[in-house]
Amino acid sequence: MVKSGTIILNTAARFLMPLQLMFSVFLLLRGHDEPGGGFIAGLVAAGGFTLYLLAFGVRATKQVLRMVDPRDLIGVGLLLGMVSVVPAWFMDQPFLTAQWWTIPVIDFKASTPLIFDIGVYLAVLGSVIGMVMALMEVDKDEP
Amino acid sequence: MQFTVLMGFVLAALAPMLHRRFAGRTSLVLALFPALIAAWLFSQAPMVIDNGPVLLEWQWVPSLGISLTFLLDGLSLLFGLLITVIGTCVLVYAGGYLKDHHDIGRFYMALMAFMASMLGLVMADGLVTLFIFWELTSITSYLLIGFNHADLQARKSARQGLFVTFAGGLALMAGLVMLGVASDAWSLADIRAMETDLREHALYTPMLVCLLLGAFTKSAQFPFHFWLPNAMAAPTPVSAYLHSATMVKAGIYLLARLQPELGGTPLWIGVLSVVGATTLLIGAFLAIHHTNVKKLLAYSTIMALGTLTMLLGIGTEYAMTAFVTFLLAHSMYKGALFMVAGNLDHETGTKDVTAMGGLRPLMPVTAMIALAAALSLAGVPPLFGFIGKELKFEAALGAADYRSLLVIFAFLGAVMTIAVAAIIALRPFYGTRHQTPKAPHEAPLSMLIGPALLSLGSIAFGIAPGVLGVNALLTSAAGAVSGEPMEITLSLWYGVNLALIMSVASLALGFLLFKYWDDARARLSLLAPVMRRGPEAGYEGLLNGIVAFSEWQTRILQNGYMRNYILIMLVVLIALIGNSILLRHSPLLAFDLDVRFHEVIVVGTMTMSALFATLTRSRLGAVVSVGIMGFSIALVFVLFSAPDLGITQLLVETLTVILLVLVLFRLPRFSHLSTSLERIRDGSVAAMMGILIFLLIMTAWSIDQFESISTYMVENSAPLAYGRNIVNVILVDYRALDTLGEMFVLALAAIGVIAMLKLRHATESPKTAEGSKSDTQEPYDG
């Protein structure tokens, strides 16, 4: 059985998970220009949660996730993916045409591809931790 | 307009909510939608009639040439008006008919969705949009037939209708694709404007056969007619609307649409007139077998649909006039008659006409409506149905081919139709009173307005065919069907001719048949064993055959053993790719070997770990060596400067190893299950697969058939897509649609895995472990 709780793993997981999550956001945002992007970032974040899962188990991880069910993450991800293709309609352009806006104060380029990428990120994250959690829950009940 | 039609779907989705808000008045609120569209169509009518077709363009996916363009000409105007006007009547009627039904919100939802789909169908200009709306009408019809889903018979009928129309839909899709390929135009307006003659095209015959299959299944032509009487399991407003006035005419609409481009060949004339005439006769003949009032009407609808097909087959100018006139006349009187049938059923509690009688004093208005509509059905002057019937006979007499057959069939059909009309108009309302399950009284106002309006139309258009611009509308519609402008003047009196004599004779004979109907039915019951061997038995047999076949192939191909699936998939892949690479293209092996030392090391590691994974007897060892192989692949990506792929591979590999470790302890020990012969087989399949992939990569590397698209992507990713990471730009911009599809695949896979694990978990451990079920909400977990 996967036994949770060696001191080294626990301590490492506690520090590594937030770092990995921050890194994943970093990868997500820079993805359009440098190596990275929603898929990779989603995998990194999922890796962080998986580490936490291995160290502390399912119930503790669920507490970290609060009310968020991984399956909801999948749904939100798909929804964002769908939503991001719509704005082109209102600009009288074909469905799926990318739209770009610049947010003035922080000089940040917002765009529908970014929304789309966030959708990919959430869908990947939700899928992976959903599967890992389901697997571990099966494990836990084993006599 | 497109927006309005699409709003119909939104309205459909909101219908249950509206019902909670407006309760009994919901149907009136919803009826505003078709009424407004009808008003709009009326306002457009003069322009369309005078200036010809109007195109309403709305680009959808221009890069693929898909647009949501509507074409408004005489034919779509006529159909659009039928759909909206009868739709208004039916909605008002349904409000009364289903008043106390607990699930009426769902009914409105499906009915509104159907209305929007049907409107889209008759106005669509693009072949693709036409097909989509076509299928939507099939789906909504399925939902409406199966509305009483607790009833086994209703479910079965709904499925039957769906299967038959969907099978035809597949044929239609093939036909439309061939039409698009042959004409190189994917819109009806472009096809019409074309110079080349499609009748000369090599694809003409297969295209026509496919299109006809689609149209015949939808419009219940023989031998696909059997689903329509079964569809009477639907609530009566649905029968009145979908299964007599609108949806079943979709196939007829398609044929009429294509008549100018595809009609007039011997194949077209032969198939349409013979199938149409056969359907006409069989429909009329089967009608008099039944005592169920809805079945009577259903079979007489089949007869009408046969008539319409036959008229399109004849194809003369007279036949076109007859076609549009009969179409309008039939929709009005049949819609009214179905609602009368609904009133009878609603008030007496039975659908059997022989169980009713003497209802006229109790239901005077319904009796009047029934009489007017039935007279129109029978074709008695001065009702509109008479003009339709007169023109029908005239057209059959003027047919160039199969003249005697068509005339005889049309005449016999008319005789039996007249009997049907008499049965419905007279049998329930006159004669002695019978005891009925419910004490009958007049139907509420909401159930009288609709049919009364339609009956009034039958009378008014008959006496004065010019009112409300009917003449002009029909002229324009007939012109659209024949492909060239026409001049029509409808009138009740064309002088004493053969058609009139046939009319009078059929009236007399039909009334005689009505008099001796009970005897005739007793005699006809001798035919029952023959009837049971009809096309419906063929449908049942086919369905059972399909089920048996799929059981068989599931046993063979999907027996639940992973090794089996992999073996089959690999063998199929080897056969398909091997065939095309070895036989159709010769494999190219001309390449320069320029190998660096570190590359050899990486590839060597990969090979060694793969070998170790197959040979080792320890599971953990196998997992680790597969992991090493994955990391080596990531290294290859890095070496060939694809950092994104490298990172992805690394992460996926890490997660895969973790997942494998999680399941590792649950697996049994390695043991010998296969014989050495099987091992040799598996080994050779694996080896062949390896060789094949090698050949494939080498060939792909060496051939240079197309210009690489990567240049375009490299050049444009920064200026057009504002991104320097081309891999990411491809994923989220260039190929975003593909990525979107993949997201859905990923989500489905994840949900599948979660569901399977939780399902096992729930069935294996009935002792509810503390806290472990806190978030399980799936129904099967409860």
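Residues numbered from 1 in each chain as written. Chains lettered and ligands numbered in written order. Predicted model: local features only at pLDDT ≥ 70, side-chain atom pairs only at ≥ 80, totals over all residues.

## So, the overall build of chain A
1) Next: Within chain A one finds five helices and two strands.
2) Next: If you list the helices and strands of chain A from N to C, you get α-α-α-α-β-β-α.
3) Next: A principal-axis box enclosing the C-alpha atoms of chain A has dimensions of 60 × 25 × 25 Å.
4) Next: Sorting the 143 residues of chain A into buried and exposed places 45% on the buried side.
5) Next: The long-range fraction of contacts in chain A, counting pairs at least 24 apart against all pairs at least 6 apart in sequence, stands at 70%. (Helix = DSSP H or I, 4+ residues; strand = E, 2+ residues; numbered from the N terminus. Buried ≥ 20, exposed ≤ 12 C-beta atoms within 10 Å, placed from the backbone. Contact = placed C-beta atoms within 7 Å.)

## Regarding the overall build of chain B
1) Next: What chain B contains, in helices and strands, is 31 helices and four strands.
2) Next: Principal-axis analysis of the C-alpha atoms places the extent of chain B at approximately 100 × 70 × 55 Å.
3) Next: Sorting the 782 residues of chain B into buried and exposed places 43% on the buried side.

## Comments concerning the packing of helix 13 (residues 293-314) of chain B against helix 17 (residues 403-426) of chain B
Residue and element names in this part refer to chain B.
1) Next: Packing of helix 13 against helix 17 brings their axes to within 11 Å, and their N-to-C directions diverge by 155 degrees. It follows that helix 13 is roughly antiparallel to helix 17 by the angle criterion. Judged by the sense of rotation from one axis to the other, the crossing of helix 13 with helix 17 is left-handed. Contacts between helix 13 and helix 17 involve V293, L296, S300, M303 and M310 from the first element and L406, G413, T417, V420, I423 and I424 from the second.
2) Next: Considering only residue class, the contact of helix 13 with helix 17 consists of eight nonpolar, three polar and no charged. (Axes fitted to C-alpha atoms, helices over the stretch in contact; angles between N-to-C directions. Parallel < 35°, antiparallel > 145°, perpendicular 65-115°, else oblique. Left-handed = near helix turned anticlockwise from the far one by under 90°. Nonpolar A, V, L, I, M, F, W, Y, C, P; charged D, E, K, R; others polar.)

## Considerations on unusual backbone geometry
Residues and elements named next belong to chain B.
1) Next: A cis amide bond links F222 with the next residue in sequence, P223, at an omega value of 0 degrees.
2) Next: Looking at where P223 falls in the secondary structure, it is placed in the loop between helix 8 (204-218) and helix 9 (227-230).
3) Next: The residue after P381, namely P382, is reached through a cis peptide bond having omega 5 degrees.
4) Next: As for its position among the elements, P382 is in the loop between helix 15 (364-378) and helix 16 (384-397).
5) Next: The backbone of Y402 shows a phi angle near 55 degrees, a positive value even though the residue is not glycine.
6) Next: Tracing the sequence through the fold places Y402 in the loop between helix 16 and helix 17.

## Comments concerning the confidence of the model for chain B
1) Next: In the predicted model, chain B carries a mean pLDDT of 85, and 95% of its residues have values of at least 70.
2) Next: Taken as a whole, residues 766-782 of chain B scores under 50 in pLDDT and shows 16 contacts with residues more than four places along the chain or in a different chain. (pLDDT = per-residue confidence, 0-100.)

## Topic: the nonpolar core
1) Next: In terms of nonpolar packing, the biggest core is built from 200 residues, with M112, F323 and L337 of chain B touching the most fellow members.
2) Next: One finds V85 and L135 of chain A together with I647 and A750 of chain B within the second-largest nonpolar core, a separate group that totals 57 residues. (Core = buried A, V, L, I, M, F, W, Y, C linked by C-beta atoms within 7 Å.)

## Observations regarding helix 10 (residues 236-245) of chain B
Each turn of an α-helix holds 3.6 residues, which means side chains three or four residues apart point in the same direction.
Residue and element names in this part refer to chain B.
1) Next: With ten of ten residues buried, helix 10 is to be regarded as a mostly interior element.
2) Next: T236, P237, V238, S239, A240, Y241, L242, H243, S244 and A245 are the residues of helix 10 that are buried.
3) Next: Among the structural elements, helix 3 (74-97), helix 4 (104-123), helix 5 (127-145), helix 9, helix 13 and helix 14 (317-348) are those in contact with the buried residues of helix 10.

## Comments concerning the environment of P485 of chain B
Residue and element names in this part refer to chain B.
1) Next: Within the secondary structure layout, P485 lies in the loop between helix 19 (470-482) and helix 20 (498-515).
2) Next: For P485, a count of 12 C-beta atoms within 10 Å corresponds to the exposed category.
3) Next: In this structure the C-alpha to C-alpha distance between P485 and G52, which are 433 residues apart in sequence, comes to 9.6 Å.

## Structural notes on the interface of chain A and chain B
1) Next: The partner chain B presents 48 residues to the 49 residues of chain A that form the contact.
2) Next: Among the elements of the structure, helix 2 (38-65), helix 3 (70-84) and helix 5 (112-140) of chain A are those that each provide at least two residues to the side of chain A that touches chain B.
3) Next: A breakdown of the residues in the side of chain A that touches chain B according to their chemical character gives 28 nonpolar, ten polar and eleven charged.

## Thoughts on the packing of helix 13 of chain B against helix 14 of chain B
Residue and element names in this part refer to chain B.
1) Next: Between helix 13 and helix 14, the least distance of the axes is 10 Å, while the angle of their chain directions is 175 degrees. It follows from the interaxial angle that helix 13 and helix 14 lie roughly antiparallel. Listed contacts from helix 14 to V293, K294, L297, T301, A304, T307, L308, L311, L312 and I314 of helix 13 are A319, A322, F323, F326, L327, H330, K334, L337, F338, A341 and L344.
2) Next: Taken together, the residues of the contact of helix 13 with helix 14 sort by class into 16 nonpolar, three polar and two charged.

## Brief notes about the confidence of the model for chain A
1) Next: Chain-level statistics for chain A give a pLDDT mean of 83 and a share of 91% at 70 or above.
2) Next: Element-level mean pLDDT values for chain A span from 75 in strand 1 (residues 100-103) of chain A up to 90 in helix 3 of chain A.

## Here we look at the environment of G77 of chain A
1) Next: Here G77 of chain A lies in helix 3.
2) Next: Along the primary structure G77 of chain A and V58 of chain A are separated by 19 residues, whereas in three dimensions their C-alpha atoms are 22 Å apart.

## Focus: the environment of K351 of chain B
Residue and element names in this part refer to chain B.
1) Next: Along the chain, the position of K351 falls in the loop between helix 14 and helix 15.
2) Next: The class for K351 is buried, based on 20 C-beta atoms found within 10 Å.
3) Next: Remark: the alpha-carbon pair of K351 and V181, spanning 170 residues in sequence, is separated by 49 Å.
4) Next: Non-local contacts of K351, meaning those with residues more than four positions away in its chain, are made with N292, V293, K294 and D345.

## Examining helix 13 of chain B
1) Next: Look at helix 13 of chain B: 32 Å from first C-alpha to last across 22 residues, which is about the 32 Å you get at 1.5 Å a residue.
2) Next: Along helix 13 of chain B, 22 of the 22 residues are buried, which leaves the element largely enclosed by surrounding structure. (Expected span 1.5 Å × (residues − 1).)

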